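Here is what each chain is made of, one letter per residue.
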Amino acid sequence: MRKWGLVACLLVLAGCSSFRGDMHWKVADFNYTNQHQTNTSLASLQGTPFIAYFFFTNCTTVCPPMTMNMVKLQKELKAAGMEDYALVGFSVDPTRDTPAVITQYINQFPVADKSKWHLLTGYDEAAITTLAATSFKTIVKPEGGSSQMMHATNFYLVDQQGFVRKSYDGYGQVPVSEILNDLAHIQPK
């Protein structure tokens, strides 16, 4: 029952933070380690739009379906001939989620092109809490009395200049066509 309570809480949080209109605020600068043990920063992503989300590898509720939804989204991006994008995941449990653990996690999924994925760690809990609040207008916090973390279940479209442009449901009914259309409209012609 506790598991479903967490799912319900996260869905409510996602609904509260899922603004369907245009957004336009800058993602705070970051420079973190990805699953390949190389750095990914806002500067290194400059010029490339990306879809961001929050996850953690020992999540027992929303993260595996969200990651699978990101895998499906990537397949649709490939089918649409879109190549100029990145998929960026911020671990909300960076203490446990080392690059090796994240690699093991992502290898469980049928990822079409792992070079597009930047699953990030290498910071402390305070840093991810602050990044979530300032850059994505959402919360990250431990679920009391467990190893689980509460976080948004959204996908965020970030443009080439590092501005959050839109938020989408990343857990339930992912609006894949809308994401593809929005991504196509922010890319240079």
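Residues numbered from 1 in each chain as written. Predicted model: local features only at pLDDT ≥ 70, side-chain atom pairs only at ≥ 80, totals over all residues. Heavy atoms only, no water.

Details of the overall build of the chain
No. 1: What the chain contains, in helices and strands, is six helices and 10 strands.
No. 2: Looking at the chain as a whole, 52% of its 189 residues are labelled buried.
No. 3: Long-range pairs, those at least 24 residues apart, make up 75% of the contacts in the chain between residues at least 6 apart in sequence.
No. 4: Split by element, the accessible area of the chain, about 8300 Å² in all, is 56% carbon and sulfur. (Helix = DSSP H or I, 4+ residues; strand = E, 2+ residues; numbered from the N terminus. Buried < 20%, exposed > 50% of the residue type's maximum accessible area, 1.4 Å probe, protein only. Contact = heavy atoms within 4.5 Å. Areas by Shrake-Rupley, 256 points an atom, 1.4 Å probe, with all protein chains shown as cover.)

What about the sheet that holds strand β1 (residues 25-26)?
No. 1: Strand order in the open sheet made by the six strands is β1-β10-β9-β4-β5-β6, with mixed pairing throughout. Where the open sheet ends on each side, the last strands, each with one partner, are β1 and β6 (117-120).
No. 2: Across three bridges, strand β4 (residues 50-55) lies against strand β9 (residues 154-158) in antiparallel orientation. The residue of β9 that forms the bridge with F50 is V158.
No. 3: The strands touched by helix α6 (residues 176-186) are β4, β9 and β10 (163-169); relative to β10, the strand with the most contacts, the crossing angle is about 170 degrees. (Pairing = 2+ DSSP bridges. Axes fitted to C-alpha atoms, helices over the stretch in contact; angles between N-to-C directions.)

Some thoughts on helix α5 (residues 125-136)
Note on helix geometry: an α-helix contains 3.6 residues per turn, so any two residues three or four positions apart are oriented the same way.
No. 1: An ideal rise of 1.5 Å per residue puts 16 Å on 12 residues; α5 measures up with 16 Å between its terminal C-alpha atoms.
No. 2: Among the residues of α5, I128, L131, A132, S135 and F136 are the ones counted as buried. Considered in projection along α5, the buried side chains sweep an arc of 105 degrees and stay on one side of the axis.
No. 3: A positive phi of about 55 degrees marks K137, the residue just after α5. (Expected span 1.5 Å × (residues − 1). Arc of directions from axis to C-beta.)

A word on unusual backbone geometry
No. 1: Even without being glycine, Q37 reaches a positive phi, approximately 65 degrees.
No. 2: Among the structural elements, Q37 can be located in the loop between β2 (31-33) and β3 (39-41).
No. 3: Residue class for Q37 comes out exposed when judged on its relative accessible area of 60%.
No. 4: Phi at K137 takes a positive value of approximately 55 degrees, unusual for a residue other than glycine.
No. 5: Structurally, K137 is set in the loop between α5 and β7 (140-142).

Overview of helix α3 (residues 63-79)
No. 1: For α3, which comprises 17 residues, the first-to-last C-alpha distance of 24 Å matches the rise-based estimate of 24 Å (1.5 Å per residue) to within 8%.
No. 2: When we look at burial in α3, the residues that qualify are C63, M66, T67, N69, M70, V71, L73, Q74 and L77.
No. 3: Residue G81 follows α3 closely and has a positive phi angle near 80 degrees.

Details of the pairing of β10
No. 1: Sheet topology places β1 next to β10; two bridges connect them, and they run antiparallel. Bridged to K26 within β10 is F163.

Describing the packing of aromatic side chains
No. 1: Here the structure, examined in full by the defined rule, presents 12 aromatic pairs.
No. 2: Grouping aromatic residues by their ring pairs yields a cluster made of F30, Y32, F54, F90, Y123, F136 and Y156.
No. 3: The lysine or arginine in question, K137, covers the ring of W25, its NZ or CZ lying 5.1 Å from the ring centre. (Phe/Tyr/Trp six-rings, centres within 6.5 Å; stacked < 30°, edge-to-face > 60°. Lys NZ or Arg CZ within 6 Å of the ring centre and 35° of its normal.)

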